[in-house]
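# Architecture at a glance
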Amino acid sequence: MKRRDFIIKSALAGAAFSTYQLFPFGGVRKVNGVGNPLRFPPELQQGESLIFNASNVEVWPGTTTQVLSLNNSYPCPTIRVQKGQNFSVLFKNQFTEEATIHWHGLLVPELMDGQPKDAVLPGNSYTYTFPIFQKAGTYFYHSHAHHLTAKHVYKGYAGFFIVEDDNELQYGLPTSNYDIPLLIQDRHSAYQPQFTYAPTMMDRMTGYLGDVPLVNGTPEAYFEVQKTLYRFRLLNGSNARIYKIAFSDNSPFWVISTDGGLKDEPSQMNNLYLAPGERVDILFDFFPYTIGNSLTLQSQTFTVVGNQGLQMDLLRFDVVGNLSSGGIVPQNLSAINYHNINDIQRTRNFVLSQSGMGSGMHRINGLTYDMNRIDEQIPFSELEEWKFVNTTNNFHPMHVHGVMFQVYSRNGNTNLQPNDKGWKDTVLVNPNETVSVLVKCNDYSGIYLLHCHNLEHEDDGMMLNIKFDSPTNIEEENTQPETFELYPNYPNPFNPSTNIKYSLDKPSSSVKLSIFNNNGELVENIFEGTQSSGVFSVEWNAANYSSGNYFCSLLVDGLLKSIKLSYIK
Ligand code: C2O
Ligand code: CU
Ligand code: CU
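Residues numbered from 1 in each chain as written. Chains lettered and ligands numbered in written order. Predicted model: local features only at pLDDT ≥ 70, side-chain atom pairs only at ≥ 80, totals over all residues. Heavy atoms only, no water.

### A word on the overall build of the protein
The cut-off we apply is this: The helix count covers DSSP runs of H or I at least four residues long, the strand count covers runs of E at least two residues long, and both are numbered beginning at the N terminus. Radius of gyration means the value over C-alpha atoms here, while the globule rule gives 2.2 Å times the residue count to the 0.38 power. Think of it in three bands: with a 1.4 Å probe and only protein chains considered, a residue is buried below 20% of the maximum accessible area for its type, exposed above 50%, and partly exposed in between. In what follows, a contact means two residues having at least one pair of non-hydrogen atoms within 4.5 Å. We get accessible surface area from the Shrake-Rupley algorithm with a probe of 1.4 Å; when it comes to residues, only the shown protein chains can shield them.
Within the protein, the secondary structure is distributed over six helices and 39 strands. Relative to a compact globule of 569 residues, whose C-alpha radius of gyration would be 25 Å, the protein shows 24 Å and is just as compact. If one aligns the C-alpha atoms of the protein with their principal axes, the spans along those axes are about 80 × 60 × 50 Å. Counting every position in the protein, which comprises 569 residues, the buried fraction comes to 59%. At a minimum sequence separation of 6, the contacts of the protein that also span at least 24 residues come to 75%. Carbon and sulfur atoms provide 49% of the accessible area of the protein, an area that totals close to 21900 Å².

### Topic: the side chain of Thr258
For clarity, the threshold we go by: Residues adjacent in sequence count toward polar contacts only when both atoms are side-chain atoms; beyond that, a polar contact is any pair of N or O atoms within 3.5 Å, and within protein one must be able to donate a hydrogen and the other to accept it.
Here Thr258 lies in strand β17 (residues 253-258). For Thr258, a relative accessible area of 1% puts it in the buried group. Within polar-contact distance, the side chain of Thr258 engages the backbone oxygen of Trp423 at 2.8 Å. With residues up to four places along the chain from it excluded, the contact list for Thr258 reads Lys263, Arg279, Asn419, Lys421, Gly422, Trp423 and Lys424.

### Some thoughts on the coordination of the copper ion (ligand 2)
Six octahedral donors around a metal ideally subtend angles of 90 or 180 degrees, whereas four tetrahedral donors ideally subtend 109.5 degrees. How we decide: Because no water is among the atoms considered, metal sites can look incomplete, with donors defined as N, O and S atoms within 2.8 Å of the metal, or 3.2 Å for Na, K and Ca.
For the copper ion (ligand 2), the full set of protein donor atoms is His102 (NE2) and His399 (NE2), and the range of their distances to it is 1.9 Å. In this pair, His102 sits in strand β7 (residues 102-104) while His399 sits in strand β27 (residues 396-400), placing the two residues 297 residues apart along the sequence.

### Focus: the nonpolar core
For the record, the criterion: Here, the term nonpolar core denotes a set of buried Ala, Val, Leu, Ile, Met, Phe, Trp, Tyr and Cys residues that are joined through side-chain atoms within 4.5 Å.
Among the nonpolar cores identified, the biggest contains 32 residues, and Phe232, Leu234, Phe286 and Phe317 are the most heavily contacted of them. Looking at this core, the element that brings in the most residues is strand β22 (residues 312-321), giving five residues. Once residues within four sequence positions are removed from consideration, Phe286 is found in contact with Val225, Gln226, Lys227, Thr228, Tyr230, Phe232, Leu295, Phe317 and Val319. With 29 residues, the next largest nonpolar core counts Phe388, Val403, Leu450 and Ile466 among its residues.

### Quick look at the pattern of salt bridges
In a structure, side chains of opposite charge can pair up when their charged atoms sit close to one another. Defined as follows: Between Lys or Arg on one side and Asp or Glu on the other, a salt bridge is scored when a side-chain nitrogen of the former is within 4 Å of a carboxyl oxygen of the latter.
Inspection of every chain in the model, using the stated rule, returns 24 salt bridges. For the salt bridge of Asp281 with Arg231, the shortest nitrogen-to-oxygen distance reads 2.7 Å. Placement of the pair is Asp281 in strand β20 (residues 279-285) and Arg231 in strand β15 (residues 229-236), with a sequence separation of 50 residues. Judged by relative accessible area, which is 2%, Arg231 ranks as buried. We note a salt bridge from Asp259 to Lys424, for which the minimum N-O separation is 3.2 Å. Within this pair, whereas Asp259 is found in the loop between β17 and β18 (261-269), its partner Lys424 is found in the loop between β28 (406-410) and β29 (426-429), the two being separated by 165 residues in sequence. Each member of the pair, Asp259 as well as Lys424, carries the same accessibility label: buried. One network of salt bridges, in which partners are shared, links Glu168, Asp179, Arg231, Arg233 and Asp281.

### Let's talk about the packing of aromatic side chains
Basically, it comes down to this: Aromatic rings from Phe, Tyr and Trp, with only the six-membered ring used for Trp, were paired whenever their centres fell within 6.5 Å, and each pair was classed as stacked if the ring planes differed by under 30 degrees, edge-to-face if by over 60, and tilted otherwise. Remark: a charge is flagged as sitting over a ring if the NZ atom of Lys or the CZ atom of Arg is within 6 Å of the ring centre and within 35 degrees of the ring normal.
Using the criterion set out here, one finds 44 aromatic pairs in the structure. For the pair Tyr273 and Phe302, a centre-to-centre distance of 5.2 Å together with 85° between the ring planes defines the contact as edge-to-face. Of the two residues, Tyr273 sits in strand β19 (residues 271-274) while Phe302 sits in the loop between β21 (293-299) and β22, which places them 29 residues apart along the sequence. Under the relative-accessibility criterion, Tyr273 is labelled partly exposed at 36%. Put simply, the rings of Phe40, Tyr178, Phe223, Tyr230, Phe232, Phe247, Phe253, Phe284, Phe286, Tyr289 and Phe317 pair up and form one aromatic cluster. The ring of Phe195 carries the charged tip of Arg187 above its face, separated from the ring centre by 4.8 Å.

### Thoughts on the coordination of the copper ion (ligand 3)
Distances from the copper ion (ligand 3) to its protein donors, His396 (ND1), Cys452 (SG) and His457 (ND1), fall at 2.0 to 2.1 Å. Mapping the donors of the copper ion (ligand 3) onto the primary sequence yields the spacing H-x55-C-x4-H. With relative accessibility at 0%, the residue Cys452 sits in the buried group. Of the residues examined, His457 reaches a relative accessible area of 0% and is grouped as buried.

### Some remarks on a nonpolar patch on the surface
Which entries qualify depends on this criterion: Residues enter patches when their relative accessible area tops 30% and they take part in no salt bridge; the joining distance is 9 Å for like charges and 5 Å for the nonpolar side chains Val, Leu, Ile, Met, Phe, Trp and Tyr.
On the surface, Met201, Met202 and Met357 cluster together into a nonpolar patch covering about 280 Å² of accessible area. Relative to the assigned elements, Met201 resides in helix α5 (residues 201-206).

### Observations concerning the pairing of β21
Convention followed: DSSP-based pairing: two strands are paired if at least 2 bridges between them are found.
Of all seven residues that make up β21, seven are buried, and the element is covered over most of its length. Side chains of β21 alternate between two faces, with Asn293, Leu295, Leu297 and Ser299 and Ser294, Thr296 and Gln298 buried alike. Pairing between strand β16 (residues 243-247) and β21: three bridges, direction antiparallel. Within the sheet, the bridge partner assigned to Phe247 lies in β21 and is Leu297. Inspection of the sheet shows β21 paired to β22 by six bridges, in the antiparallel sense. Bridge pairing in β22 places Ser299 opposite Met312.

### Focus on the domain arrangement of the protein
Where we set the bar: Source of the domain bounds: an automatic or database domain assignment. What counts as buried area is the accessible surface, traced by a 1.4 Å probe, that two parts surrender upon association, with contributions from both included. Think of it as three bins: nonpolar holds Ala, Val, Leu, Ile, Met, Phe, Trp, Tyr, Cys and Pro, charged holds Asp, Glu, Lys and Arg, and polar takes everything else, Gly as well.
Looking at the protein, the domain boundaries give domain 1 (342-468) and domain 2 (473-567). Using only C-alpha atoms to locate each centre, domain 1 and domain 2 end up separated by 32 Å. The partner domain 2 presents five residues to the four residues of domain 1 that form the contact. Summing both partners gives a buried area of about 420 Å² for domain 1 against domain 2, and 50% of it is carried by carbon and sulfur. Counting the surface domain 1 buries against domain 2, the share from its top three residues, Phe380, Asp443 and Tyr444, is 77%. Along the contact surface separating domain 1 from domain 2 lie zero salt bridges. In this assembly, domain 1 and domain 2 are joined by one residue pair in polar contact (both at pLDDT 80 or more). Among the residues forming the side of domain 1 that touches domain 2, the class breakdown is two nonpolar, one polar and one charged.

### Some details on the sheet that holds strand β9 (residues 137-142)
Pairing between sheet strands relies on hydrogen bonds along the backbone, with the strands arranged either parallel or antiparallel. Convention followed: Throughout, an axis means a line fitted to C-alpha atoms (over the contacting stretch in the case of helices), and angles, computed between N-to-C directions, take values from 0 to 180 degrees.
The mixed open sheet is built from four strands, whose spatial order is β5-β10-β9-β7. On the outer flanks of this sheet lie β5 (79-82) and β7, each paired with one strand and no other. Neighbour to neighbour, the strand axes of the sheet diverge by 25° on average, direction disregarded. Bridge count between β7 and β9: three bridges; the pairing is antiparallel. Residue pairing in the sheet places His102 in a bridge with His142 of β9.

Structure below.
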């Protein structure tokens, strides 16, 4: 109670006065009763399949919209999983075009990543299965078929993938009815009530920008709230539109989570830019508002480049009651290990360019996507700086599969906004801006994608294949280990056995090699004893264990190294 009072006060400290001064000018209005109640897609049930097909749904009351979607639901069903689970779902393509499910932001094996090269053909099915080992957060899934991503997503094929874990529970954040996912999209009023995907040449250049916002597929959406603290999970699932998110009275909100889960601390902001593919979770307290009033989540106007920057009302909040969510704004959230720039081993440049008006006008390093070409080989476990150099007058939200990165600087400036800090998989690169991010591939090896998440740009070929290497031949590696090395296993993921290699360079060391499960419990001791210097290789067979993540730890004279092993049956 005391703590809560304190937190509310501090939440309002900076802007409380301006909030109230703005009251009479229309930032906060009387409830007017128009609009449609905010919708929520169903949650995917355990064992349920995901079926891709066309269907008719009601988006605008009294009319039907033909959508391309999963399980006849627009937005697609929300998937909710617990960290440590093995997620598995049967995908059935019952439509006439190839499709995939890409799990945006989730670290999954290459063949589970739903890339264009791994399309599921009409009439076929595919089981996507992978362990969930990353931290709780708001993730995203959508189609990623070759040249069809933009159309599929525009027509409805996108949904939430929410990961929960025990760590998050300790912070006392608002939950259940007070934890609200908001998928923000825009559609063209000219084609209403259809989601007609008909980009002109100009649209292919700027992106297909609609003028009508939908939140969770709801036009003119409103949501009834209590005078209490809420968590909103904002996901920009638009093809190309960037939103400048703010409340209509410019009240501050707390940013608690970025693409890759909780930040290290809540940060107050009055507005933020949310680009396609990005997520941000915010806390907002309706306590200061009066029952019967309403305020609106908006996209505020900003410098208009290629039709971006339109002011839009996204979602109206009607304050209707006094219930309490019991949630708090914690002082601190989970610690983040920020990469150290002194550890950077190399810099890669990705030059974003645009030329002409034909297909292939959007390029990265002069290239357009070729699914059979590997564009970058990236060594495992080495810190790299990637520079996105935007030479165009357009926005490019750059997204990377298979890894979470950290934003380091914008045009050399390391003083970043709070929503740039934390784990990210998509970063907005503004016109003519250079954005530096720090990347270390630590999870799966294999082929992944780097692309612009403006989906018109992506389908036009603004995408590269990147390959995260896993050393299979350690003799070629650095021959001067400190005293011992433990190498990434191969294969990774594996079934049912994998190879673990390590090297020792002291004449005699006491060695213990063990396997732990995701909860840190000992599964098996593989070796214990004294070994002389040399390179050792051990096979570990997991056939008797369940699918999921394991950790192999090597203890040499009291020093520990460990690597992650992902076993997928
Ligand atoms: Cu959300 Cu490769 O994309
Ligand atoms: Cu992705
Ligand atoms: Cu782009």
